[in-house]
Amino acid sequence: YLYTTNAMETSKLDLVNNKIVELIELKRVVARWQLKREKVVFTNGVFDIIHKGHVEYLLRAADQGNRLIVAVNSDESVKSLNKGTTRPLQDEGSRVLALAAMTYIDAVVVFNEHTPENLIAELLPDVLVKGGDYKIEEIVGHKQVQANGGEVLTIPLTGGYSTTNIEQKIKSA
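Everything quoted here is computed from the prediction, not taken from an experiment.

Peer 1: I keep staring at the overall build of the protein and nothing clicks. Help me out?
Peer 2: Across its full length, the protein holds eight helices and five strands. Radius of gyration (C-alpha) of the protein: 16 Å, near the 16 Å computed for a compact globule of 173 residues. Projected onto its principal axes, the C-alpha positions of the protein cover 50 × 45 × 25 Å. When each of the 173 residues of the protein is scored for burial, the buried share is 42%. Restricting the contact set of the protein to residue pairs at least 6 apart, pairs at least 24 apart contribute 71%. A total of about 9,400 Å² of accessible surface is found on the protein, and carbon and sulfur atoms cover 50% of it. Computed over 20 positive and 22 negative side-chain charges, the inter-centroid distance for the protein is 4 Å.

As structure tokens, this is what we get:
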């Protein structure tokens, strides 16, 4: 957890909400983790409807270090990605809360830009992770992370799972 708390006095919802942070606080937290020589992993995405592919991807990302940060596209940012007029299906607050509730995710941050490049440049994680559908040189922020001595990795995606497929299945039901 980001903050040391007395578990007897803090609800589980409070513990989850404490993992949802703004950039300024996250920078302090990342600095503390890195001072303790904890390997900080960063990934990002929309995470509109959490499915098996997301869960397996995030678990594999978490295995790459000691701390996992997930950056989530804001509602405004999702609209700029041309995913269709219905997206996002869930508002950013719902998407962020679902991710923060996962025990292996240490921090969740929302970004408003088209990409998280500025966020990555500010945080300089030890490991930057994206799905296997990307080439390393296509991953936003790879230059900054590598220049700082970090590594950039791709993780194989679980086939057959996507929010778009789920949305289509619901519409055709």
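Additional details are given in the paragraphs that follow.
Peer 1: Quick question: what am I supposed to make of the pattern of salt bridges here?
Peer 2: Working definition: two side chains of opposite charge can pair if their charged atoms are close together. Evaluated as defined, the whole model comprises eight salt bridges. Salt-bridge contacts for Asp48 lead to Arg87; the nearest nitrogen and oxygen are separated by 2.7 Å. You can see Asp48 sitting in the loop between strand S1 (40-45) and helix H3 (52-62) and its partner Arg87 sitting in the loop between helix H4 (75-79) and helix H5 (92-100), a full 39 residues away along the chain. Connected via shared salt-bridge partners are Glu38, Arg67 and Asp106.

Peer 1: What exactly am I supposed to notice about H3 here?
Peer 2: Since the α-helix packs 3.6 residues into each turn, any two residues three or four apart lie on the same face. For H3, every residue scored as buried is listed here: Gly53, His54, Tyr57, Leu58, Ala61 and Ala62. With its buried residues spanning 160° around the axis, H3 presents them on a single face. Those residues of H3 hidden inside the fold are in contact with S1, strand S2 (67-73), H5, strand S4 (127-131), strand S5 (151-155) and helix H8 (163-172).

Peer 1: What is the right way to look at unusual backbone geometry in this model?
Peer 2: It is generally the case that most residues other than glycine have a negative phi and that most peptide bonds are trans. For Phe47, which is not a glycine, the phi torsion comes out positive at approximately 50°. Position of Phe47 relative to the elements: it lies in the loop between S1 and H3. Residue class for Phe47 comes out buried when judged on its relative accessible area of 5%. One non-glycine residue, Leu124, lies in the positive phi region at around 45°. Locating Leu124 in the fold gives a position in the loop between helix H6 (117-123) and S4.

Each value, and the rule that gives it
Residues numbered from 1 in each chain as written. Predicted model: local features only at pLDDT ≥ 70, side-chain atom pairs only at ≥ 80, totals over all residues. Heavy atoms only, no water. Helix = DSSP H or I, 4+ residues; strand = E, 2+ residues; numbered from the N terminus. Rg over C-alpha atoms; globule rule 2.2 N^0.38 Å. Buried < 20%, exposed > 50% of the residue type's maximum accessible area, 1.4 Å probe, protein only. Contact = heavy atoms within 4.5 Å. Areas by Shrake-Rupley, 256 points an atom, 1.4 Å probe, with all protein chains shown as cover. Lys, Arg positive; Asp, Glu negative; His and termini not counted. Charge placed at Lys NZ, Arg CZ, Asp CG, Glu CD. Salt bridge = Lys/Arg side-chain N within 4 Å of Asp/Glu carboxyl O. Arc of directions from axis to C-beta.

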